[in-house]
Amino acid sequence: MSTRSAPPSPATVHDRQAPAPPVGAPGVRRRRAAHRPAPSPDAERRRRLRARLVVAGFAYLIVFLVVLPILWIVLLSFQQSDQILSDPFSVRTLTLENYRDAIATLPLVQMYKNTIIIATAAVTIGTTVSFMVSFALTRMVFRRRGVQSALLLYFLAGLAVPVYVLLFPVYRLDLALGIFGTYAAVILPYAVVSIPFNTLLLTGFLRGMPGELEEAAIIDGAGLFRLCWSVVVPVMRPILATVVIFNVVYVFNEFPFVSVLINDPDLATISLAVSKFQGQYSVNYGGMMAAATLVLLPQLAIYAVLQRHVIAGLTAGAVKG
Amino acid sequence: MIWLSSRSRIAVMVLPALVLFTAFFAYPVLYGTGYSLTDAQGFSEPRLIGLDNYATLGDDPFFWLSLKNTVIILVVSVAFLVPASFALALLMQQRIRAAGALRALLFGPAIVAPILVGLVWVFILDPRVGLLNRLLVPLGIPEIQWIGGDSLTPYSIALVFSWASIGFAMTIFYAGLQQLPGDVMEASSLDGATRWQQLLHVTVPMMRETVGIVSILLVTNVFKIFELVYMLTGGGPVHRSETLVSYMYFVTFTSQRYGSGMAIAVVVLVLGALTSLAYLVLARRGRSA
Amino acid sequence: MPGYQPRRHGRRGLAAAAALAVALPLAACSEAGDTGQDGTTTITLSMQNADVKTADPATWAIVEAFESANPDIDVEVSGQPVSEHLQSLSIAAQSDTLPDIFWVYKSNAEEMLAGDRLLDLRPILQEQGVIEHLPATTVEHFTSGDTVFGVPYQGLLTGLWTNTKVLEDHGLAMPSTFDELLQVAEELDDDGVVTISNGASQSAFSVWQFLVWLDRFGFEDRMDGLLDGSESWDNPDFVRMYEHIAELRDAGAFSSNVATQTYQQAVDQFLQGDAAFLDAGVWAAGAIQDSDVAPHAAFWKGPTFADGVGEQNIIMNVASAPLAVAKKVGEDDAKLAAVERFLGFYYSDEAQQLMVDNGQPPVTTYEPTLEESEQSVLSAALDAASEDGVAAPATQPDLVFPVAVANAIYDSIYGVIQDQLTPTEAAALVQRALEAE
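Residues numbered from 1 in each chain as written. Chains lettered and ligands numbered in written order. Predicted model: local features only at pLDDT ≥ 70, side-chain atom pairs only at ≥ 80, totals over all residues. Heavy atoms only, no water.

### Focus on the overall build of chain A
Right, so step 1: The helix and strand inventory of chain A stands at 17 helices and zero strands.
Right, so step 2: Within the span of chain A, comprising 321 residues, buried residues form 55% of the whole.
Right, so step 3: A fraction of 70% describes how many contacts in chain A between residues 6 or more apart in sequence connect residues 24 or more apart.
Right, so step 4: Of the roughly 13700 Å² that chain A leaves accessible, carbon and sulfur atoms contribute 66%. (Helix = DSSP H or I, 4+ residues; strand = E, 2+ residues; numbered from the N terminus. Buried < 20%, exposed > 50% of the residue type's maximum accessible area, 1.4 Å probe, protein only. Contact = heavy atoms within 4.5 Å. Areas by Shrake-Rupley, 256 points an atom, 1.4 Å probe, with all protein chains shown as cover.)

### Side note on the side chain of S85 of chain B
Right, so step 1: Tracing the backbone through its elements, the reader meets S85 of chain B in helix α3 (residues 61–92).
Right, so step 2: If we skip the residues at most four places from it in the chain, S85 of chain B touches I166, A169, M170 and F173 of chain B.

### Some points on the side chain of S246 of chain B
All names here are of chain B.
Right, so step 1: Of note, S246 is situated in helix α12 (residues 244–254).
Right, so step 2: What makes S246 buried here is its relative accessible area of 5%.
Right, so step 3: If we ignore the near neighbours within four places in the chain, the residues touching S246 are F226 and V229.

### Side note on the nonpolar core
Right, so step 1: M236 of chain A together with W233, Y242, L248 and F342 of chain C are the most contacted members of the largest nonpolar core, which totals 321 residues.
Right, so step 2: With 16 residues, α3 of chain B is the single largest residue contributor to this core.
Right, so step 3: Those residues in contact with L248 of chain C, other than ones at most four positions away along the chain, are F178, L181, L182, A185, I196, W213, A253 and F254 of chain C.
Right, so step 4: One finds A284, I315, L382 and V390 of chain C within the second-largest nonpolar core, a separate group that totals 26 residues. (Core = buried A, V, L, I, M, F, W, Y, C linked by side-chain atoms within 4.5 Å.)

### Things to note about the pattern of salt bridges
Residues and elements named next belong to chain A.
Right, so step 1: Evaluation of the coordinates by the stated rule reveals 16 salt bridges over all chains.
Right, so step 2: E214 is paired through a salt bridge with R139; the nearest N and O atoms lie 2.6 Å apart. Taken together, the residues E214 in helix α11 (residues 212–219) and R139 in the loop between α6 (108–138) and α7 (145–157) connect sequence positions 75 residues apart. The two residues E214 and R139 agree in class, both being buried. (Salt bridge = Lys/Arg side-chain N within 4 Å of Asp/Glu carboxyl O.)

### Remarks on the interface of chain A and chain B
For interface size, the figure often reported is the accessible area lost on association.
Right, so step 1: If you look at the interface, chain A gives 113 residues, while chain B gives 103 residues.
Right, so step 2: Both faces combined, the contact of chain A with chain B buries some 10100 Å², and carbon together with sulfur accounts for 75% of it.
Right, so step 3: The tally of links from chain A across to chain B stands at zero salt bridges.
Right, so step 4: Across the chain A-chain B interface, the total number found is seven residue pairs in polar contact (both at pLDDT 80 or more).
Right, so step 5: For the side of chain A that touches chain B, the element with the most residues is helix α3 (residues 41–77) of chain A, which contributes 17 residues.
Right, so step 6: Partitioned by chemical class, the residues of the side of chain A that touches chain B number 85 nonpolar, 17 polar and eleven charged. (Buried area = accessible area lost by both parts, 1.4 Å probe. Polar contact = N/O pair within 3.5 Å; in protein donor to acceptor, adjacent residues only side chain to side chain. Nonpolar A, V, L, I, M, F, W, Y, C, P; charged D, E, K, R; others polar.)

### So, helix α10 (residues 195–208) of chain A
Residue and element names in this part refer to chain A.
Right, so step 1: In this model α10 runs 20 Å from its N-terminal to its C-terminal C-alpha over 14 residues, within 8% of the 20 Å that 1.5 Å per residue would give.
Right, so step 2: Along α10, eleven of the 14 residues are buried, which leaves the element largely enclosed by surrounding structure.
Right, so step 3: Looking only at α10, the buried set comprises I195, P196, F197, N198, T199, L201, L202, T203, G204, F205 and L206. (Expected span 1.5 Å × (residues − 1).)

### Digging into a negative patch on the surface
Right, so step 1: A contiguous patch of negative charge on the surface is contributed by E371, E372, E374, D383, E387 and D388 of chain C.
Right, so step 2: Position of D383 of chain C among the secondary structure elements: in helix α17 (residues 376–385). (Patch = residues over 30% accessible without salt bridge, like charges linked within 9 Å, V, L, I, M, F, W, Y side chains within 5 Å. Lys, Arg positive; Asp, Glu negative; His and termini not counted. Charge placed at Lys NZ, Arg CZ, Asp CG, Glu CD.)

### Quick look at the domain arrangement of chain C
Residue and element names in this part refer to chain C.
Right, so step 1: Splitting chain C by domain gives domain 1 (41–152 + 320–357) and domain 2 (156–315 + 387–435).
Right, so step 2: Between the C-alpha centres of domain 1 and domain 2 there is a distance of 29 Å.
Right, so step 3: Taking both sides of the interface into account, the surface hidden between domain 1 and domain 2 amounts to around 650 Å²; carbon and sulfur atoms contribute 66%.
Right, so step 4: By the criterion of area lost to domain 2, the three top residues of domain 1 are Y105, S107 and S320, representing 54% of everything that side buries.
Right, so step 5: Across the domain 1-domain 2 interface, the total number found is zero salt bridges.
Right, so step 6: Run the count over domain 1 and domain 2 and you get one residue pair in polar contact (both at pLDDT 80 or more).
Right, so step 7: If one sorts the elements of the side of domain 1 that touches domain 2 by residue count, helix α5 (residues 106–114) sits on top with three residues.
Right, so step 8: For the side of domain 1 that touches domain 2, the residue count by class is two nonpolar, four polar and one charged. (Domains from an automatic or database assignment.)

### Some remarks on the interface of chain C and chain B
Right, so step 1: Taken together, the 32 residues of chain C in the interface contact 34 residues of chain B.
Right, so step 2: It is Q87, T260 and Q420 of chain C in chain C that bury the most area against chain B; as a group they hold 18% of the surface buried on that side.
Right, so step 3: Put simply, chain C and chain B have zero salt bridges between them.
Right, so step 4: Counting every contact that joins chain C to chain B gives three residue pairs in polar contact (both at pLDDT 80 or more).
Right, so step 5: Elements represented by at least two residues in the side of chain C that touches chain B include exactly α1 (4–29), α4 (82–95), α5, α18 (403–417) and α19 (423–435) of chain C.
Right, so step 6: With eight residues, α4 of chain C is the largest single contributor of residues to the side of chain C that touches chain B.

### What to know about the environment of Q265 of chain C
Right, so step 1: Relative to the assigned elements, Q265 of chain C resides in helix α13 (residues 263–271).
Right, so step 2: Owing to a relative accessible area of 10%, Q265 of chain C belongs among the buried residues under this scheme.

### Details of the pairing of strand β1 (residues 41–47) of chain C
Residues and elements named next belong to chain C.
Right, so step 1: Counting buried positions along β1 yields six of seven residues, so the element is predominantly enclosed.
Right, so step 2: Pairing of β1 with strand β3 (residues 101–103) involves two bridges; the strand directions are parallel. Counterpart to S46 in the pairing with β3 is F102. (Pairing = 2+ DSSP bridges.)

### Quick notes on the environment of T422 of chain C
Right, so step 1: Note that T422 of chain C resides in the loop between α18 and α19.
Right, so step 2: As a C-alpha pair, T422 of chain C and S379 of chain C span 43 residues in sequence and 38 Å in three-dimensional space.

### Focus: the packing of aromatic side chains
Right, so step 1: This structure, assessed with the given rule, holds 45 aromatic pairs over all chains.
Right, so step 2: The interplanar angle of 10 degrees and the centroid separation of 5.1 Å between the aromatic rings of F168 of chain A and Y258 of chain B together place this pair among those described as stacked. Note that F168 of chain A is positioned in helix α8 (residues 164–177) and Y258 of chain B in helix α13 (residues 258–288), a pairing that runs across two chains.
Right, so step 3: Here F21 of chain B and F25 of chain B contribute two aromatic rings whose centre-to-centre distance is 4.8 Å and whose plane-to-plane angle is 15 degrees, an arrangement assigned as stacked. Residue F21 of chain B and its partner F25 of chain B are located together in helix α1 (residues 7–35), separated by four residues, close to a single helical turn. (Phe/Tyr/Trp six-rings, centres within 6.5 Å; stacked < 30°, edge-to-face > 60°.)

Following this line, the structure appears as structure tokens:
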């Protein structure tokens, strides 16, 4: 399973964050020694130290490469516009001018407000209905099982549908419902588009979750709502957190729907505003990069705070799904 | 549980999602399919014309080109991303200082808006202003048309897609690795298996399901690539770098041929569904074997 | 009754979710409304630029002047890039939610008219005395039957902006025929200088000069046949036109990154003195005036062709795409009056002078005053348009076709420029689009 020198001990499998035992800890060495004729302990220790350094160096290099594009954008955002074309690597002539341009052009507060309103409503609706249907499809007893699995398939089939096929029809639907030109024009499609993925995660989690607690609650006389709210939801907190975070990220990043369904600049989300950068800044690359950074950094900062939940949630949901 | 499973309770739980999903998802798919059978375009009233739009697509070289590009991106992304993210997950399991932070950083690109990813990568791939050629040209390597040239654009889009997805895929693999039962792993190493043997014969087979999940997610995401093309090349030069979805957007909205555009959308839909289905079947067979 | 309680809760949860779903749109709805309580009337003007203020300063200036002269009318200007703009319009047309006044392609306006979505402007124009100030051909161009469905937004005067200093520095004379242009391109390419600056990225339509070439290869005579299907785009004359583009390309006339640079970057290239010609129109005059190129700027109608068809001494000086007014404006008297006043103002001498001040030729018969020292660039273009003996075609070729065909025309030209299509393939591409109509 790994190229690490020592075989994994149960402790490290369950807790990767635990501090690594010192290199060449006695227990580790002994186990190795039992299987292979050991070279001199000193040479072996050095060999392993070197291997570990190589592995770590490699990991840092990859991470650096992945982060590099973002660093590059941040560097450009401090560069004077004419420098970007002539000498972009120079750090002697950095300026805040681009940020002044960008802040003057961008309705940042409005963008964030719109996005947060839309995300809150869409994610609340999407998560609630997904949870309800997932619970029904995994826990409740249908008179006909076929209906149950057919319904699950029906929802999961949505995973394979590219949203682009929905754009035009949903627009017509929004109009027919009289919600075009309001936040709801995108809130409802966002909520619905999240149902397949949410259902995948939630049913996956529910299937792997032992039912004893629920049975105990039912024996105690709990009804459906109390069962869900006081017993199931608390246990599902991590996966629900994942669902919420994923859906929020989706709404923050979504472009095709919002570009068709929102035509009022006062209702524009962050993504929609970003798509206009190339038009607004045309050849003012510095301004464009500063605007991009102003959108990027808050998102990354929020992610930095919440990333543990995303990763923990994925562990529980996606893999078991 | 059977106590609470009355018809009405099931209805209460299922109906909200069912109604919303049917109204805003299933019905629009049918509606779009219906539109693909009409000559709807510009501002005039649509007329039913049967399968003509599909026949016209067959004669449209740009459609085949965009299909080819999509397949290239699909193959490159999956062939590269699945093993690479798996290897990365293995790497992240090593005892490395600040491994948690590294994993978080790797995942970072996955939360950046695709439209912003496209904008960022313009400044890396553009032949004239991009970082890549800025670094390569001084080394005596001639200017390479990463985007906008004849041939490289789909590969560059695959690269950008990989950049945005690798942390996500790695995280799922990593999570899968964490789930592996520790005793099996330990037993196999106590049996004297080398690390390679252990990887090939124990880890990989046990991870098969995760590989399936990652692949499905990546494949369906490839069929959704649009913003990257939109920002990087706008599909150019002359539609050489369109993907199915970006070409559909062009036909539908830029050229206002709604009927033809919906026909492409239906093709995308069918391809996406077939690929996902194939993976599901494979995954199920793998599980039961 | 243990089973009863939770069911109510479940319903309550549902009800709450439903209430939320209903309440949100309502909350967002309440901000709409046309006539404010203070008696101001709002009219919407929707344009084909993401940022009207900077990209279309002439329109912006006219709106500003109109609003300060009419404090009781509020003109709400919005804009998106051309393709998004048309997309919004087409969606809006089908749902009868069109903006009050909007920029639109002529072919689309005709389709909207057929769908009874457009207001007949004849009464308004007569009432405001505008019609006699517009050239008769322009009015005719935007008339269908008896209905005037559009008014000219701006004049479309296109050509090759020339940086004479680049030519002089390389010891070259101003070309006049295609063969001379080809020679210039070869010489400039040897010195590593771009001859004609173009940019295809997100601006596939920026091929104005080559649309004139179509007219120099007999487009006018074939136009009706092309529209009714009796003529083919794939004809020897047009193929010859594409072959000339290929010759220029092979001579190294175009920028190496013509595919990835945007139109804006192409303009920038010219303004930096890195190109001898810029394929653009009169709208670029302001930017050129503000640059170092201004003292050396000239305006050229483009090369003549020894193997061309028909009149060669022509310049593209036509009415551009129109402004149209939504039919439902006529149902609201306050709105109708406001729109009428706006259009009346738009074609007034004051507004036409504002256009000129912002680098646009007037669209009426108004004789503008030009500050020769400050508007040398614009007046170079206007002079070229009124040169003795020069003729103007009826319209720009792309403007008479549906958008899909227009796009194919652009693609065919950029396809040859970027060496993606052979001349015959290029002609066939457009023909295929014509047949799909």
